[in-house]
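If you want the building blocks of each chain, they are given just below.
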Amino acid sequence: MSTFDSDHAAKIHRHIHSHLPSDPALRVKALESLAVEKGLIAPETIDAWVEAYSEHIGPMRGARVVARAWTDPEFRARLLSDATAAITEFGFEGNATGHLKAVENTADSHNMVVCTLCSCYPFSILGMSPAWYKSAAYRARAVREPRAVLAEFGVELPEDVAVRVWDSTAELRYLVVPQRPAGTEGWDEDRLAALVTRNSMIGTDRDLSTGAA
Amino acid sequence: MDGIHDLGGKEGFGPVPVTAGDAPFSHDWERRMWGLAREGICPSMTIDSFRHGLELMVPGDYLTFSYFQKWATNYLMLMVDSGQFTLEEIGQGHASDPSTPAKAKTTADIIAQVRAACTDFSVADDTPSRFAIGETVRTLRQIPHHHTRLPAYARNALGEVIAHHGSHLFPDEGAHNRHVGQHLYTVSFTAAELWGDDANPRDTVTLELWESYLVPA
């Protein structure tokens, strides 16, 4: 396999910057046209990836995992000790979840996930990452002032609740397990899963509402 | 490298756009970019050479381009760098040497492919680990000029090892397509250690760090 030379790559980037229109639609069109003409991908395969991540793979998967953890203490124990293995019980393993850790919120602690160096995200259980997660503001501020960031999401965290921010610097990905809302005793897994928001599994939402369910 | 990508702790970006991006895609070109990237059209690319490619973008572009706009630019670079496209072909928008079309895949094919893409980054390694869980360690003050995963905000800081993951693919080498393992740890830092005494004493920031990023405290 060829090696990757940093100086050569930077030189190509500068050429692209200076000589190609910056319009992303044009850049992606050039990329797709060349890849298709060179037999690297079929256009229908791109459609299939979009369909997979629009309709089948998304935060409803993580919500199902959380609801199972709330209702099945043995599954909860398996999830907290080895989330990578636990999600295979649903067939949810895949892109970026080869090493997964579940971190559980409690009355006196709150977990929040960020990737300051790029935008690492557990795609196969949460689907596409939201735009705010990839924003420079979130990447910059989540580690430095998590409480101020949480307030922007409407989460007013008491001073005596500890925040643990997980910066995804390696191939380990995180799933936050939010607290089960009060008043949901006896609810089944489907009904509970509908309460679990995507943001609560990243850690920018905390107290789940039972109102809509 | 001390690149523009290393955003942790930087100030001046303003509020987080909390309501943005609830739909998976905002533009059709983003959908096309996602499919192209996930299908792996650049076989020589590794996860770390992809990241390093992003870090090597023109800094002003890195800060102003959206996520998928960065991907598009980086993929063009990677395809040229690996010799699959020429800059002339990109300018013309057509291949000078068309090949046999690739076989189309269905959504069911892709869902199966996603499951099979559950990559294990651990590396067989019988070297002893240097640090133990519960030990206090210090991170390096200086980093190399190439790809590395020790953010600037966590350099020269004292933290506690809270987990050891065995040996994982070392990104500093992986970025150059070299498959080398190194012990990986989860290290927890108090917010006060990183940001000063005004931080809430209960708060922590936790990172995964490779062994060579750490020295005994």
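Above this text is the structure in question.
So, here is what we can say about the structure in this document.

Size it by volume and the largest pocket reaches roughly 1,100 Å³. Taken together, 44 residues make up the lining of the largest pocket; nearest its centre are R38(B), M45(B), T46(B), I47(B) and F121(B). Of the residues that constitute the lining of the largest pocket, the class distribution is 22 nonpolar, 14 polar and eight charged. Estimated volume of the second largest pocket: approximately 390 Å³. For the second largest pocket, the lining is made up of 23 residues, of which A131(A), K134(A), S135(A), S66(B) and Y67(B) are closest to its centre. At the level of elements, α8 (136-141) of chain A together with α3 (59-64) and α4 (67-81) of chain B are the ones that each hand at least two residues to the lining of the second largest pocket. Of the residues forming the lining of the second largest pocket, the biggest block, three residues, is contributed by α4(B). Looking at side-chain class alone, the lining of the second largest pocket contains 14 nonpolar, five polar and four charged residues.

Contact with chain B, which involves 109 residues of that partner, is made by 96 residues of chain A. Carbon and sulfur atoms make up 64% of the surface buried where chain B meets chain A, a total of about 9,300 Å² over both sides. Remark: the boundary between chain B and chain A carries eight salt bridges. Residue R32(B) is joined to D47(A) by a salt bridge in which the shortest nitrogen-to-oxygen separation is 2.5 Å. Here the side of chain B that touches chain A takes 13 residues from α4(B), the largest share from any one element. By residue class, the composition of the side of chain B that touches chain A is 52 nonpolar, 35 polar and 22 charged. The sheet contact formed by strand β3 (residues 162-167) of chain A and strand β4 (residues 204-210) of chain B spans four bridges and is parallel. If you follow D167(A) over to β4(B), its bridge partner there is L207(B).

So, on to the sheet that holds β4(B). Spatially, β2(A)-β3(A)-β4(B)-β3(B)-β2(B)-β1(B)-β5(B) is the arrangement adopted by the seven strands of the open sheet, whose pairing is mixed. Edge strands, defined here as strands with exactly one partner in the open sheet, are β2 (109-114) of chain A together with β5 (214-216) of chain B. In this sheet, neighbouring strand axes are inclined to one another by 35° on average, regardless of whether the strands run parallel or antiparallel.

Our focus in this paragraph is the pairing of strand β4 (residues 173-177) of chain A. Residues and elements named next belong to chain A. Most of β4 sits inside the fold, with five of its five residues counted as buried. The alternating pattern of β4 places R173, L175 and V177 and Y174 and V176 on opposite faces, both of which are buried. In the sheet, strand β1 (residues 100-104) pairs with β4 via five bridges, with the strands oriented parallel. Counted as the bridge partner of L100 is R173 from β4.

Let us now look at the pattern of salt bridges. Taken as a whole and judged by the stated rule, the model has 22 salt bridges over all chains. Of the charged contacts in the structure, one is a salt bridge between R144(A) and E11(B), with a shortest N-O distance of 3.6 Å. With R144(A) in the loop between α8 and α9 (146-152) and E11(B) in the segment before α1 (28-39), the pair connects residues from two separate chains. Judged by its relative accessible area of 62%, E11(B) is exposed. Between R155(B) and D6(B) there is a salt bridge, with the nearest N and O atoms lying 3.4 Å from each other. Of this pair, R155(B) sits in the loop between β1 (136-139) and β2 (158-169) while D6(B) sits in the segment before α1; the two residues are 149 residues apart in sequence, bridging distant segments of the chain. Of the two residues examined, R155(B) and D6(B), each falls in the buried class. Within the structure, one salt-bridge network assembled from shared partners comprises R64(A), R68(A), E189(A) and D190(A).

Calculation notes
Residues numbered from 1 in each chain as written. Chains lettered and ligands numbered in written order. Predicted model: local features only at pLDDT ≥ 70, side-chain atom pairs only at ≥ 80, totals over all residues. Heavy atoms only, no water. 1 Å grid on protein atoms, 1.4 Å probe; cavity = no way out; pocket = protein on both sides within 12 Å on 5 of 7 lines; lining within 4 Å. Points joined across faces, edges and corners; volume = space filled by probe spheres on them. Nonpolar A, V, L, I, M, F, W, Y, C, P; charged D, E, K, R; others polar. Helix = DSSP H or I, 4+ residues; strand = E, 2+ residues; numbered from the N terminus. Contact = heavy atoms within 4.5 Å. Buried area = accessible area lost by both parts, 1.4 Å probe. Salt bridge = Lys/Arg side-chain N within 4 Å of Asp/Glu carboxyl O. Pairing = 2+ DSSP bridges. Axes fitted to C-alpha atoms, helices over the stretch in contact; angles between N-to-C directions. Buried < 20%, exposed > 50% of the residue type's maximum accessible area, 1.4 Å probe, protein only.

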